[in-house]
Every structure is written in structure tokens, then in C-alpha cells.
Amino acid sequence: MEMIQTKSPGLAEYIRAMLRGIGQVMFQGNVWTGLLFLCGIFWGAYQEGQGIVAWGAIVGVVVSTLTGYLLQLPRNEGVQGLWGFNGVLVGCAFPTFLGNTAWMWIALIICSMLTTWVRTGFNNVMAPWKVNSFTFPFVFCTWLFLLAARMLHGMPPEYMAVPAITDHFSTAVDIHFGSLLVYWLKGIAQVFLINSWVTGIFFLVALFISSRWAAIWAAVASAIALLVALLFGAPGSDIANGLFGFSPVLTGIALGCVFYKPNGRSALWAIMGIIVTVFVQAGMDALMRPLGLATLTGPFCITTWLFLLPLFKFDEKKPDHSFWHKKAPVKVEYPADKTGNNATE
């Protein structure tokens, strides 16, 4: 984790906090990782003709990070980007599913703000269980707003799925090597709701800059998820668009190298978690389809909780999964007070 020395809260600190917030979507509190993630988002969004998604991501992370400062939440968390990662996902989701209206942007801002204190509340509730809320504040708040869109013309659900009962679907999908490579990379890109294999490359490089293990587990998880989805006959269009990859990618990183040190036992646990996430994804797809809702990163949250709650010990650390960042990796210095003493955090 990077160390920060700053005399007072300023624009530079705020920008670093936002970039770290983007990186923290995949548990990486690294400025350069966040910047490359953002580059990948812009590339993929504009490649799809949905550049508005990239700008939504910026609005989401700016608003959620600013909200943390305004609420005077623990500053150390903000500097590490922990106020921003839910907000940036909200910013990606709203333009992906809703029509581009002024009211949609206002709703995006409100929802991004909401995730900041909802995260604090969820973490307070989950602390006795020694697990974290992860991206569930984003999932929960976005579900509520997307459901509200069915009743509010100001934020039209133009790109949301039509509510339907799960019925017959085609499993047909091109399985040539080149196509499989594209599906694999899209599985990584879809963490930010971006349907671009080039974005997947951006994300892998960004992860490698921060943690080679995170990059390895992202790659492995997307590959395993793709294989499981193919073997069990998942919908071909979902496989082709990487929709069975993004939650397993997050599960793989979390279990493989974040909450447990990489070793043989944790690797087997992570692989099992990745496989289970695919089934949870399929089950939640069926559950949400009558509502016309996307599962978002819900399958990752649920599966990772199921694998962390037992508090198994796979290394020398005492199991406590209520946070993944170091509690005090950042030193923030404030201006001298009237007595001439510097206050530090």
C-alpha cells in the first residue's frame, strides 16, 4: 500500500483518493491501477458507442468520495479509496441501464452519495461476523433505483431487460480459440459493466502493476468461469458477452490473494469459490429475470461471504475478513494548530 504525506487536505489528495477508489473495485488501492482502470472504461465505453458510461463513472466516484469527506467519515479510509469504489460502479450502471435524461444524472448523484454511508452501515452490521460489505452497497442501492425506474418516467429504463420468466434459451456459442479469448477478456472487463475485450487487457495490466497475484487470479477466475459456463450449457449470448466472468473474477481475487495469503490451500478454496460463483450467478439470473434486473456483483458478494464466514485459517493470520486494507497505512498531516503543533492522522 502506498504511503501519503500531505500537509493538508487538497486537490492532489482528493484526486489520488478517487483513483484509488476506482482501483478498490478489485481490492487495489493503487493510483496507477485506478488510472488504467479508468482508461479501460473510457476505451470500452466509447468503443461501444456508450461514452456516457465513462463519464458516469467519473461522476459516481467524485460524488461518493466527496460525500465521505463531507460526512467526516474516517479520513484514513477515504485516502485509501474506500469511499469511491461503490460510487464508480453506480456511475457505470446508471447510464448502462437507464435513458440519458437530466433526472437520471440527478438520481445517479443521489445513489452514489447513498452508497458511502450505506457501506458504513453495512460494515457496522457485518463487523461481528468479521466480513465486509464489499460492493453490496452498490448492488443494493442500484437495485432499488432501477426498480424505481419502472415507476418514474424521469429515469426511463430504456436498456433494462424486459421482465420475463426464465424459459428456453440458446446455448449456441462460437468456441474457436479466438472467440474464447475474447469471452475470457470480456469476463474481466464486465466488472465495470464494459463489454470490450480490449478493456479486459487494460484491467489485467492495471492489476499486474499493483499485484501480480491479483492479475493471475483475475485471469484464472475468468478462464475457470468460462469453462464451467460452457460445460453446463449457460446461455450462449451471456457467455459471449462475459457475463459469467466478472463476479468469479472478484471472488477469485478476494479468496486467492486478498483475504488469504497465496498458498496451496487458499488456491483450492479460491477455485472452489470461483466455480460456486458461476452457479450463484445462474441462480440469481433466474431469480432477477422476472424483475428485469441485472445481478450486478451480487453473486460475488454472496459467494465470498459464504466462503469467508466460516473463518477458516489457511495461513498464520488470525481470520478477520472485515477489512482488506491495512488499518493505518496512510499518514495524513494537517496544518499546525494555534499552539504550533501538527495534528496527524
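A brief structural summary. Keep in mind it's a predicted model, so treat the numbers as computed, not measured.

A closer look at the pattern of salt bridges
Evaluation of the coordinates by the stated rule reveals two salt bridges. For Arg 119, the salt bridge goes to Glu 77, with nearest N and O atoms at 3.1 Å. Residue Arg 119 is located in helix α6 (residues 102-126), and its partner Glu 77 is located in helix α4 (residues 75-79); the two are separated by 42 residues in the primary sequence. Take Arg 119: its relative accessible area is 4%, and that puts it in the buried class.

Observations regarding the nonpolar core
The biggest cluster of nonpolar side chains holds 101 residues, and the ones touching the most others in it are Met 26, Phe 27, Phe 94, Phe 134, Phe 192 and Ile 253. Those residues in contact with Ile 253, other than ones at most four positions away along the chain, are Met 26, Phe 27, Gln 28, Leu 207, Ala 214, Trp 217, Ala 218 and Val 258.

Examining helix α2 (residues 31-47)
Across its 17 residues, α2 extends 24 Å between first and last C-alpha, which sits within 8% of the 24 Å expected from 1.5 Å per residue. Taken together, the buried positions of α2 are Val 31, Thr 33, Gly 34, Phe 37, Leu 38, Gly 40, Ile 41, Phe 42, Gly 44 and Ala 45. On its buried side, α2 packs onto α1 (11-23), α3 (51-70), α5 (85-97) and α9 (197-210). The N-terminus of α2 is capped by Asn 30, whose side-chain oxygen sits 2.8 Å from the backbone nitrogen of Trp 32. One or two residues past the end of α2 sits Gly 49, with phi positive at roughly 75 degrees.

Here's the deal with unusual backbone geometry
Even without being a glycine, Gln 72 presents a positive backbone phi close to 55 degrees. Turning to its location among the elements, Gln 72 is positioned in the loop between α3 and α4. Unusually for a residue other than glycine, Phe 134 sits at a positive phi of about 50 degrees. With respect to the helices, strands and loops of the structure, Phe 134 is situated in the loop between α6 and α7 (136-149). You can call Phe 134 buried: its relative accessible area is 1%.

Reading the values: rules and limits
Residues numbered from 1 in each chain as written. Predicted model: local features only at pLDDT ≥ 70, side-chain atom pairs only at ≥ 80, totals over all residues. Heavy atoms only, no water. Salt bridge = Lys/Arg side-chain N within 4 Å of Asp/Glu carboxyl O. Helix = DSSP H or I, 4+ residues; strand = E, 2+ residues; numbered from the N terminus. Buried < 20%, exposed > 50% of the residue type's maximum accessible area, 1.4 Å probe, protein only. Core = buried A, V, L, I, M, F, W, Y, C linked by side-chain atoms within 4.5 Å. Contact = heavy atoms within 4.5 Å. Expected span 1.5 Å × (residues − 1). Polar contact = N/O pair within 3.5 Å; in protein donor to acceptor, adjacent residues only side chain to side chain.

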